[in-house]
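The primary structure of each chain is shown beneath.
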Amino acid sequence: MPGSHCTKGIQKNINSSTSAASSFPATELQPLMANADLPSEHDNSQENRMEKDPVQPEPTNPQRARACFLKGISYFSGDMKVFGKWMEKQFFLLQLLDWVLRGAAQVMFVNNPLSGLIIFAGLILQNYWWALNGFVGTLFATISALILQQNRGAIAAGLYGYNGILVGLLMAVFSNKGDWYWWLLLPNIFMSMMCPIVSSALASINSRWDLPVFTLPFNILVCLHMVATGHYNHNFPQVLIQPRSELPNITWAEIDVAKLFTSVPVGIGQVYGCDKPWTGGIFIISLFISSPITCAHAVLGSAVGMVSGLALAAPFGDIYFGLWGYNCVLACIAIGGMFYALTWQVHLLAITCAFFCAYLSAAIANIMSTFGLPACTWPFCLSALTFLLLTTGTNKIFKLPLAKVTYPEKNLGFFWKLKKQEKMERAKKAEKEGNEQQKAIEENIILNEKEQLRLEHERMEKGMAESEASEDENDETHVEDHWVEQQGTGDEEIGHNDLTEVTLGDHD
Amino acid sequence: MPGSHCTKGIQKNINSSTSAASSFPATELQPLMANADLPSEHDNSQENRMEKDPVQPEPTNPQRARACFLKGISYFSGDMKVFGKWMEKQFFLLQLLDWVLRGAAQVMFVNNPLSGLIIFAGLILQNYWWALNGFVGTLFATISALILQQNRGAIAAGLYGYNGILVGLLMAVFSNKGDWYWWLLLPNIFMSMMCPIVSSALASINSRWDLPVFTLPFNILVCLHMVATGHYNHNFPQVLIQPRSELPNITWAEIDVAKLFTSVPVGIGQVYGCDKPWTGGIFIISLFISSPITCAHAVLGSAVGMVSGLALAAPFGDIYFGLWGYNCVLACIAIGGMFYALTWQVHLLAITCAFFCAYLSAAIANIMSTFGLPACTWPFCLSALTFLLLTTGTNKIFKLPLAKVTYPEKNLGFFWKLKKQEKMERAKKAEKEGNEQQKAIEENIILNEKEQLRLEHERMEKGMAESEASEDENDETHVEDHWVEQQGTGDEEIGHNDLTEVTLGDHD
Amino acid sequence: MPGSHCTKGIQKNINSSTSAASSFPATELQPLMANADLPSEHDNSQENRMEKDPVQPEPTNPQRARACFLKGISYFSGDMKVFGKWMEKQFFLLQLLDWVLRGAAQVMFVNNPLSGLIIFAGLILQNYWWALNGFVGTLFATISALILQQNRGAIAAGLYGYNGILVGLLMAVFSNKGDWYWWLLLPNIFMSMMCPIVSSALASINSRWDLPVFTLPFNILVCLHMVATGHYNHNFPQVLIQPRSELPNITWAEIDVAKLFTSVPVGIGQVYGCDKPWTGGIFIISLFISSPITCAHAVLGSAVGMVSGLALAAPFGDIYFGLWGYNCVLACIAIGGMFYALTWQVHLLAITCAFFCAYLSAAIANIMSTFGLPACTWPFCLSALTFLLLTTGTNKIFKLPLAKVTYPEKNLGFFWKLKKQEKMERAKKAEKEGNEQQKAIEENIILNEKEQLRLEHERMEKGMAESEASEDENDETHVEDHWVEQQGTGDEEIGHNDLTEVTLGDHD
């Protein structure tokens, strides 16, 4: 019947529109540490068998032990999501402590309070006063972010604290008044509290290119403080930094290979302004807990920096002191798996970036010394931003959307999932197209059959009608023809979704 | 009847779509000084009872006097809109003078020719030659903007002149050839004419973040001229500025409290490079005429700068000379009510910004001195831009859209109106939703009634038909069922706006 | 008949939607050198009658000769598109050579391998070692772009090579180790290979404002290398550059006018760091081959730079050495016809830009000398970017979309075509509007006629029906009226595209 045809058309219409909308991909990540009840933080042997495979479905006894072990690890590795969730229900000061610890670790892109705790341990090993200043900086930066009502999730991830700890630490490191000069806490607190403002402002700019702000607020604020007061100041004098004005004395015979090797952990320690190898070693451990990929790239970066220093004929003292390493460490971590999904191409890119960063370190250190300033982490920021702005034709170098960045292992999982999803979607699409063609053919057959039935019916009706009324016939057939014509147009237009079906007269 | 149902569906559809489109809010501002006929510019007692309330509906005699008084004030306070409108019909050179005067005042964000006139008076009090250079600079910057066919409204508001006056003034101030060195007018005119080009270029960038260009063109062009020629130049030598290379001699016993207090107006005067306290005082008056809020924040900013100078152990001479004040003055005005709507939170933010700006002043002054350059207003520009880029979760810190910025009092009016409008809209929306629910219920009742009527009618028809034709019955009821089914779908789909109505055969 | 009306409504609907979509303008350019078969590269007299008019339809004998001549010229002038197309089918190394040559010429915005060849000849004339370094730089920059899978079209146009040649050349020029210091090739290759990365990163930023990256990557990378190593370095020492610290000795009597004139070609040569006038002369020839407009602006720019140097009391030595010219050359080319379509206004703007660039050169040279750096082409980049960001109200200053930039003559053709197109479209639009009004009037007439026919028909039907059945009459007419009503709504709604048509029962 014509009436049933009409409804069919409408329903098909609706179906096609809903089916088109329903294939939106679910890009949410499966949490690595889901269904966890209580975190077990005391497992000392986690460093050897750190793996992140999903648990097998039917485990034998040793497999079950391994699964338990992995689950245990998952509680304090990565970004400690479960712990973070659990913290949300705790006392505010405890939460704040969690945020401060995460902030301390976020300097190395690690969102992990345990790593933060270990880092603070390393800082205390280095210098009590510096550690105190770092803590004050992180604390007040976080508080300031709370006052300014910044994004709570970002605060909880320590993203407003890491500039604070660096500001606090480095202001203490470069102060010429020595340790325990308590007045220093005043500019320390002021500058720490400015961190979220500068971060927010820079984020407004960088977010246009989906870029992070890195440690730019720290660089800006510490340089600001140092150059505002300078070496010749009564209240807050800075250590004297002067540009090189003669050829450094470099004799390759005097090179100390042991010191050269210790320069790798020292370089990692210098990220926080620490020059003790043990402190650097502790930092390496803290990185490994959260993410082995990060840890590997940190060591690699520091080594690249050291090699670059030798290549560019830097004074050995600077190399031993880790000044060539810390920027490369950060740059290598950032590119190698943190903001790009780790592939071999990205790994090579990270090493290239580390070399570029080493070059840039030397350049910026020389420029900044004209103003009596240290290089801070400007070289890292600039080189990493440059490499993140890179656009290539290959899909092997995949920059993660900023909102999806967590830690290298999870980023990799996200990247793989996305790739799989893409493949499946492509397959689904191909299948769907096949189905649609099939369906269209079938529908055509049905339509033809119906049409024939209808025509037969008409003929029968006409036969009957002829005996009844003979003068209206021409009129009737005209209408029928028209309907057929119109149905044709209707079928063609089905994809437009905005057209109408037409009905017709029925008559006996 | 089925037919009537169909049309009803369509009409409802149309109504809902038109009613949805008609509730667009009218965000236009009520002019503060509407229905004015003649400006009365000579009222000397305006400083005491400056108020901006709208006139009351039925005034008594003293109220009427007050209203007249306020109306009188409104002619030359604020942005003198009425005067500007009146000017549009005047001789071109007179218009140009208006634009130049407004340009002179726009340095302090004041769009008021009377303030501009007073500022020029202050400049003449300071130094004839400087005033001349300032005038030439404003004039040629405005002319250049006209040649380059920049936005006429912006030109008329003096937005292309204020960089010109600063360029002219500061080139004269920092010239080492002394006053009345007429050759200086050549680079002065060239640089002034470059102002609109640099302004336009910077605006292309800053407008992406809805930010003003502030005095960046002035900073760029004056630094350009000064560093291009430098101190060691035959034609256009600059005063010698050198970085500090020894501890300044600061003994707190020698502090001169009177000079410290005069440093506040001097700081305001230094915005135009003037160091005489009386000139600064005149500038304060010119600010007060246009906008008391601006004036208050200017004084506040200068005081903050002075305090910061003391805190950072600056040489007293610099503080007395107002070098710590002028950037803070501008930053405090910009944040405190000019680009943010003034609330208590914004007021605190403005003070924070002034402190940050003071820090930045010291830093930039030290950096620039390496190149033999003064700090110009770089610190103000950078700090104000940073604070304008800030994004917070609170709605108490409301950044005005750049196109709506006028002066603090009017901005506040705009902010209040917007808030009221929002409230009203929310109320209206709630009311509308209530109405719609009511309407839907009523419609349902009507529909049910109609449906019952129709069914009754059908039953009657069927009763009649039964006696006539009995063989077609199965067919008929099928169609009817279908129609009922379909009506159901139709009702559900009414929100989609793209659906179809169907009719059916009628038969006897 | 009602049925026919319905279909008409739908068809009109469809027509209106298709006609709206079909008027998209075809903005593709007609190639200047289409239908060419073989390039003839040896024509020495092309410099006198360089013209680019299209060939006349019916040429006489001398006209035909001229046409042939012009066609011959078109093979090696402009961007040598035909040659580029032909190259695509050649051996890869030959292609690479083409890209390297185009890269060498792209420093001057010339996309022409012949010009590139001549430029390399000029470089060899200047210094073998420099030429080698330049070649290595271009080669490795191009290879790096290939590895990073950058846009193949851009690589083929030499857009990834020109920073490489400058990096290679200038690293050799500023090296303090003298010629044939083979180790220099190592940082040369590294920096050249960084070029595409920095270019891509800068393009990500600049493309937001549709701006090119100019030679910014070269500036960044050469300054990076120079300041990273500095004058006091064992491996890669740089020449010593120091800020001016005393008044230069300028006596106008000593001026050498001949040297002043040779400073114009020297200025052009200094774009590639060459100080020999003959090399500059060769470069002028290479520019003329590709584009006379570019050549004229290059000479003009160099002259403007020389004049500015005199005006700002620069030491004569610097002027003779072409240091005041090369930035102005590039700025004048860029603004004068390359990125703006050449009109008189743009020509004046280009000269203004050259003056501004000269000022900026002096300023940046002084600033950079503080760090022991040369000015490189920073002044050109900054001034040209500033002038490209300029927005004006006049349509005489037309900035070409970046994707449409080729060379001044072709840009001009594009601009003229666009203007013509705009005119035609405006005319067409006006005509179309007229037609539509006409059509609407006609349709109204037809509709009215149909309506009258229908009404007559109805009346006739009614008359017939009256004699047949008298009890159903009220019902029928009600339906008919409804239909009429509805048709009205339907016509009003035709623009919405989402409406429905309704039909009704027919009965005998």
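Since the model is a prediction, treat every value here as computed from it, not as a measurement.

A. Structural context of the overall build of chain A. Check the secondary structure of chain A and you find 19 helices and 0 strands. Of all 508 residues assigned to chain A, the portion counted as buried reaches 51%. Surface summary for chain A: the accessible area is close to 23900 Å², and the carbon and sulfur share equals 60%.

B. Structural detail: the packing of helix H13 (residues 292-311) of chain B against helix H16 (residues 344-369) of chain B. Residues and elements named next belong to chain B. The N-to-C vectors of H13 and H16 enclose an angle of 40°; their axes lie 9 Å apart at closest approach. With respect to each other, H13 and H16 are oriented oblique. Judged by the sense of rotation from one axis to the other, the crossing of H13 with H16 is right-handed. Contacts from His297, Leu300, Val304, Gly305, Val307 and Ser308 of H13 reach H16 at His347, Ala350, Ile351, Ala354, Phe355 and Ala358.

C. Summary view of the confidence of the model for chain A. Residues and elements named next belong to chain A. When pLDDT is averaged along chain A, the result is 82; 79% of the residues meet or exceed 70. When pLDDT is averaged over each helix and strand of chain A, the minimum, 38, is found for helix H1 (residues 2-21) and the maximum, 97, for helix H17 (residues 378-389). Considering only residues more than four positions removed or in separate chains, one finds that residues 1-56, a stretch of pLDDT under 50, has 87 contacts. For the stretch residues 471-508, pLDDT sits under 50, and the model shows 62 contacts to residues farther than four places along the chain or on other chains. For this predicted complex, the interface confidence reaches an ipTM of 0.76, while the overall pTM sits at 0.78.

D. Unusual backbone geometry, seen in detail. Residues and elements named next belong to chain B. For Ala313, which is not glycine, the phi dihedral falls at a positive 55°. In this structure, Ala313 sits in the loop between H13 and helix H14 (316-320). Its relative accessible area of 6% is what places Ala313 among the buried residues.

E. Structural context of the side chain of Ser199 of chain C. Among the secondary structure elements, Ser199 of chain C is positioned in helix H9 (residues 185-206). When residues no more than four places from it in sequence are discounted, the contact partners of Ser199 of chain C are Tyr160, Asn163, Val213 and Pro217 of chain C.

F. Seen up close, the environment of Ile255 of chain C. Residue and element names in this part refer to chain C. Its location among the elements puts Ile255 in the loop between helix H10 (216-229) and helix H11 (257-269). On the accessibility criterion, Ile255 (24% relative accessible area) is partly exposed. The spatial distance from the C-alpha of Ile255 to the C-alpha of Gly317 is 9.9 Å, given a sequence separation of 62 residues. Beyond its immediate sequence surroundings of up to four residues, Ile255 is in contact with Leu260, Leu310, Phe316 and Tyr320.

G. Representation of the packing of aromatic side chains. Taken as a whole, this structure holds 60 aromatic pairs over all chains when the rule is applied. On the numbers, 5.8 Å between centres and 55° between planes, the contact of Phe356 of chain B with Phe387 of chain B is tilted. Pair noted here: Phe356 of chain B is in helix H16 and Phe387 of chain B is in helix H17 (residues 378-389), with a separation of 31 residues, a long-range link. The same class applies to Phe356 of chain B and to Phe387 of chain B, which are both buried. Centroid distance Phe109 of chain C to Phe339 of chain C: 5.7 Å. Interplanar angle 85°. Geometry classified as edge-to-face. Of this pair, Phe109 of chain C sits in the loop between helix H4 (92-106) and helix H5 (113-126) while Phe339 of chain C sits in the loop between helix H15 (326-338) and helix H16 (344-370); the two residues are 230 residues apart in sequence, bridging distant segments of the chain. By relative accessible area, Phe339 of chain C is classed as buried at 7%.

H. Fine view of the packing of helix H15 (residues 326-338) of chain A against helix H16 (residues 344-370) of chain A. All names here are of chain A. Packing of H15 against H16 brings their axes to within 8 Å, and their N-to-C directions diverge by 155°. One element, H15, and the other, H16, form an angle in the roughly antiparallel class. Between H15 and H16 lies a crossing whose hand is right-handed. Contacts between H15 and H16 involve Asn327, Cys328, Ala331, Cys332, Ile335, Gly336 and Gly337 on the former and, on the latter, Val346, Leu349, Ala350, Cys353, Ala354, Cys357, Ala358 and Ser361.

I. Broad picture of a nonpolar patch on the surface. A cluster of nonpolar residues, Phe91, Phe92, Leu93 and Leu94 of chain A, forms a patch on the protein surface that exposes about 420 Å² of accessible area. By the element assignment, Leu93 of chain A lies in helix H4 (residues 92-106).

J. Structural context of the state of the cysteines. Residue and element names in this part refer to chain B. Under the defined criterion, the tally for this structure stands at 0 disulfides over all chains. Just so you know, Cys376 is unpaired, no disulfide at all, and the nearest cysteine sulfur is the one on Cys223, 3.8 Å from it. With a relative accessible area of 5%, Cys376 lands in the buried category.

K. Region of interest: the pattern of salt bridges. Residues and elements named next belong to chain B. According to the stated counting rule, one finds 9 salt bridges over all chains in the structure shown. Note that Arg102 and Asp98 form a salt bridge whose closest N and O atoms lie 3.2 Å from each other. Of this pair, Arg102 and Asp98 both sit in helix H4 (residues 92-106), separated by 4 residues, roughly a single helical turn. Looking at Asp98, the relative accessible area reads 4%, which means it is buried.

L. Structural context of H17 of chain A. Along its 12 residues, H17 of chain A runs 16 Å from first to last C-alpha, staying within 8% of the 16 Å computed at 1.5 Å per residue. The buried fraction of H17 of chain A amounts to 10 of the 12 residues, a majority that puts the element mostly inside the structure. Every buried residue belonging to H17 of chain A is among Pro379, Phe380, Cys381, Ser383, Ala384, Leu385, Thr386, Phe387, Leu388 and Leu389 of chain A, and all of these are buried. Buried residues belonging to H17 of chain A abut helix H9 (185-206), helix H10 (216-229), H15 and H16 of chain A together with H9 of chain C.

M. Quick peek at the environment of Met193 of chain A. Residue and element names in this part refer to chain A. On the secondary structure map, Met193 appears in helix H9. Residue Met193 is classed as partly exposed on the basis of its relative accessible area of 26%. Between the C-alpha atom of Met193 and that of Pro243, which follows or precedes it by 50 residues, the distance is 31 Å.

N. Summary view of helix H15 (residues 326-338) of chain B. In this model H15 of chain B runs 17 Å from its N-terminal to its C-terminal C-alpha over 13 residues, within 8% of the 18 Å that 1.5 Å per residue would give. Of all 13 residues in H15 of chain B, 13 are buried; the element is thus mostly enclosed.

O. Representation of the nonpolar core within the structure. By size, the foremost hydrophobic cluster in this structure holds 367 residues, and its most contacted members are Met108 and Tyr272 of chain A, Tyr272 of chain B together with Tyr272 of chain C. If we ignore the near neighbours within four places in the chain, the residues touching Tyr272 of chain B are Ala104, Ala105, Val107, Met108, Ile119, Leu123, Ile165, Leu166, Leu169, Leu170 and Phe283 of chain B.

P. Local environment of the environment of Leu385 of chain A. All names here are of chain A. Among the structural elements, Leu385 can be located in helix H17. Separated by 50 residues in sequence, Leu385 and Ile335 place their C-alpha atoms 9.5 Å apart. Ignoring any residue separated from it by four or fewer positions in sequence, one finds Leu385 in contact with Asn206, Leu211, Pro212, Phe214 and Leu216.

Reading guide: rules and limits
Residues numbered from 1 in each chain as written. Chains lettered and ligands numbered in written order. Predicted model: local features only at pLDDT ≥ 70, side-chain atom pairs only at ≥ 80, totals over all residues. Heavy atoms only, no water. Helix = DSSP H or I, 4+ residues; strand = E, 2+ residues; numbered from the N terminus. Buried < 20%, exposed > 50% of the residue type's maximum accessible area, 1.4 Å probe, protein only. Areas by Shrake-Rupley, 256 points an atom, 1.4 Å probe, with all protein chains shown as cover. Axes fitted to C-alpha atoms, helices over the stretch in contact; angles between N-to-C directions. Parallel < 35°, antiparallel > 145°, perpendicular 65-115°, else oblique. Left-handed = near helix turned anticlockwise from the far one by under 90°. Contact = heavy atoms within 4.5 Å. pLDDT = per-residue confidence, 0-100. Phe/Tyr/Trp six-rings, centres within 6.5 Å; stacked < 30°, edge-to-face > 60°. Patch = residues over 30% accessible without salt bridge, like charges linked within 9 Å, V, L, I, M, F, W, Y side chains within 5 Å. Salt bridge = Lys/Arg side-chain N within 4 Å of Asp/Glu carboxyl O. Disulfide = S-S within 2.5 Å. Expected span 1.5 Å × (residues − 1). Core = buried A, V, L, I, M, F, W, Y, C linked by side-chain atoms within 4.5 Å.

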